[in-house]
Amino acid sequence: MKLIIQIPCLNEEQTLPATLADLPRELEGFDTVEWLVIDDGSTDRTVEVAKAHGVDHIVRLTTNKGLAYAFQAGLDAALKLGADVVVNTDADNQYNAADIGKLTAPILAGNADMVVGDREVMKIEHFSPLKKMLQRLGSWVVRQASETTVPDTTSGFRAYNREAAMQLIVVSKFTYTLETIIQAGKQFIAVDHVPIRTNPKTRESRLFPSMWAYVRRNGISIFRIYTRYEPLKVFMSAAAIVFLAALVIWARFLYFYIVEDEGAGHVQSLILGAVLFNAGMLLAALGILGDLLSANSTMLQRVFERVRRIELQLDVPPSHYEPGAESEHPPTTGARAGQRTEEHEAINA
């Protein structure tokens, strides 16, 4: 059994050494524990620091593509490097690495495919009361959308077994945390959660300029992701509300027309009701089209999963890969990109 611990990084030269110093090299249940750093277009010495501190594998993206893309690139590389379990953690040393064993335990026991670390945000001292409330509210919304029981949906401290990692596809450009939970719930991936500890805050988050920007982006992300999986429910619900409003307005017109004999003075209600009725019909049509597109998206997702399995069988090397400390894998970036050494061919043979 091989465990790969992946760390998405963007200009983490200062915080990465402390993060790596806490990571385990041995863990019960695993024969091998390796480290993978995904460099998301850093302009500092992140890659050099990673190699100097013994990181086994580097995925170096040529430009900053965002956390969600870096996470997906890491999963792809970890699978091609032979990982049976992938643990994702942050480079700012937010999460206590001693709890990695707690994360992987449900997977090793066969009780879960994906495990999310619960930071128990109400106990985090540097979180303001407003932030704690928003975290709880956001997690509740994601639980309803995903039909899971994860209490801390924005936690990036997670573990995935090989099957779950192959099925997950991150489309969002902002964050992977919410999308992977909703996707896991819709694909019937067994999701569990365990309480984990956090370390003292080392720096401000770089994902968002302010708390309200974070709320806005996450709200939009939740709506987009949920709508992609349940378009019929979303648009038909909106259509039902608009239809109801049209019926109420038409009922008002009929009341004045029949009871008060003042229908001529309320033609505006008749027109407004007709406009709302047409809007409801449009929303219902969008729901049907969205449902057809959602079915097509599901088929594409299954094709993507099969392509991944074929690539693993054909031993396709990870993209944008650079070997770290004592790695025997050939690079797929730089001047030697795509070259396969004789030693590597002998290993695969």
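Presented here is a report on the structure given in the accompanying data block. (Residues numbered from 1 in each chain as written. Predicted model: local features only at pLDDT ≥ 70, side-chain atom pairs only at ≥ 80, totals over all residues. Heavy atoms only, no water.)

Here's the deal with the overall build of the protein chain
- Per the secondary structure count, the protein chain includes 11 helices and 8 strands.
- Referenced to the eigenvectors of the C-alpha coordinate spread, the extents of the protein chain come out at roughly 90 × 45 × 40 Å.
- Here the protein chain, with 349 residues, has 48% of them falling under the buried criterion.
- As presented, the protein chain carries roughly 17,700 Å² of accessible surface, and 59% of it is formed by carbon and sulfur atoms. (Helix = DSSP H or I, 4+ residues; strand = E, 2+ residues; numbered from the N terminus. Buried < 20%, exposed > 50% of the residue type's maximum accessible area, 1.4 Å probe, protein only. Areas by Shrake-Rupley, 256 points an atom, 1.4 Å probe, with all protein chains shown as cover.)

Thoughts on the sheet that holds strand β5 (residues 114–118)
- The sheet built from 8 strands is open, its strands ordered β7-β5-β6-β4-β1-β2-β3-β8 with mixed pairing. Both edges of this open sheet fall to β7 (191–195) and β8 (321–323), since each of them pairs with a single strand only. The sheet shows a mean angle of 20° between the axes of neighbouring strands, taken without regard to direction.
- Bridge count for β5 against β7 is 5 bridges, and the pairing is parallel. Bridge pairing links V115 to D192 in β7.
- In the packing of helix α4 (residues 100–108) onto the sheet, the strands contacted are β1 (2–9), β4 (85–88), β5, β6 (158–161) and β7, and the crossing angle to β6 comes to about 30°. (Pairing = 2+ DSSP bridges. Axes fitted to C-alpha atoms, helices over the stretch in contact; angles between N-to-C directions. Contact = heavy atoms within 4.5 Å.)

Observations concerning the environment of T154
- Mapping T154 onto the fold places it in the loop between α5 (129–146) and β6.
- Its relative accessible area of 16% is what places T154 among the buried residues.
- A polar side-chain atom of T154 sits 2.8 Å from a polar atom in the side chain of R119. (Polar contact = N/O pair within 3.5 Å; in protein donor to acceptor, adjacent residues only side chain to side chain.)

Describing the packing of helix α9 (residues 231–259) against helix α10 (residues 267–313)
- Running from N to C, α9 and α10 point in directions that differ by 165°, and their axes come no closer than 8 Å. Between α9 and α10, the angle is such that the two are roughly antiparallel. Crossing of α9 over α10 shows left-handed handedness.
- The class makeup of the residues in the contact of α9 with α10 is 25 nonpolar, 6 polar and 2 charged. (Parallel < 35°, antiparallel > 145°, perpendicular 65-115°, else oblique. Left-handed = near helix turned anticlockwise from the far one by under 90°. Nonpolar A, V, L, I, M, F, W, Y, C, P; charged D, E, K, R; others polar.)

With respect to a nonpolar patch on the surface
- On the surface, L232, M236, L282, L286, I288, L289 and L292 cluster together into a nonpolar patch covering about 620 Å² of accessible area.
- Of all the secondary structure elements, the ones that give two or more residues to the nonpolar patch are α9 and α10.
- In terms of residues, the nonpolar patch owes the most to one element, α10, which gives 5 residues.
- In this structure, L232 sits in helix α9.
- Under the relative-accessibility criterion, L232 is labelled partly exposed at 33%. (Patch = residues over 30% accessible without salt bridge, like charges linked within 9 Å, V, L, I, M, F, W, Y side chains within 5 Å. Salt bridge = Lys/Arg side-chain N within 4 Å of Asp/Glu carboxyl O.)

What about the packing of α5 against helix α7 (residues 177–186)?
- Packing of α5 against α7 brings their axes to within 8 Å, and their N-to-C directions diverge by 30°. As summarised for this structure, α5 and α7 are arranged roughly parallel, according to the angle between their axes. Considering how the two elements wind past one another, α5 and α7 form a crossing that is right-handed. Residues V142, A145 and S146 of α5 touch α7, and the partners they reach there are L178, I181, I182, G185 and K186.
- In terms of residue class, the contact of α5 with α7 is built from 5 nonpolar, 2 polar and 1 charged.

Some remarks on the pattern of salt bridges
- Within this structure, the stated rule accounts for 14 salt bridges.
- A salt bridge links E34 to K2; the nearest nitrogen and oxygen atoms lie 3.5 Å apart. Separated by 32 residues along the polypeptide, E34 in strand β2 (residues 32–40) and K2 in strand β1 bring together distant segments of the chain. Of the two residues, E34 and K2, neither departs from the other in class, the shared state being buried.
- The salt bridge partner of D152 is R119, with a shortest N-O separation of 2.6 Å.

Some details on the pairing of β5
- For β5, the tally of buried residues reaches 5 of 5 residues, placing the bulk of the element in the interior.
- Side chains M114, V116 and D118 of β5 all project onto a buried face; the interleaved residues V115 and G117 project onto the opposite face, where all are buried too.
- In this structure, β5 lies alongside β6, joined through 3 bridges in antiparallel fashion. Following the sheet pairing, M114 is matched in β6 by Y160.

A word on the packing of aromatic side chains
- This model, assessed by the stated rule, comprises 7 aromatic pairs.
- An angle of 5° between the planes, with centres 5.1 Å apart, marks the rings of Y95 and F157 as stacked. With Y95 in the loop between β4 and α4 and F157 in the loop between α5 and β6, the pair connects residues that are 62 residues apart, well separated along the chain.
- Ring centres of W250 and F277 lie 5.7 Å apart, and the angle between their planes is 35°; this geometry places the pair in the tilted category. (Phe/Tyr/Trp six-rings, centres within 6.5 Å; stacked < 30°, edge-to-face > 60°.)

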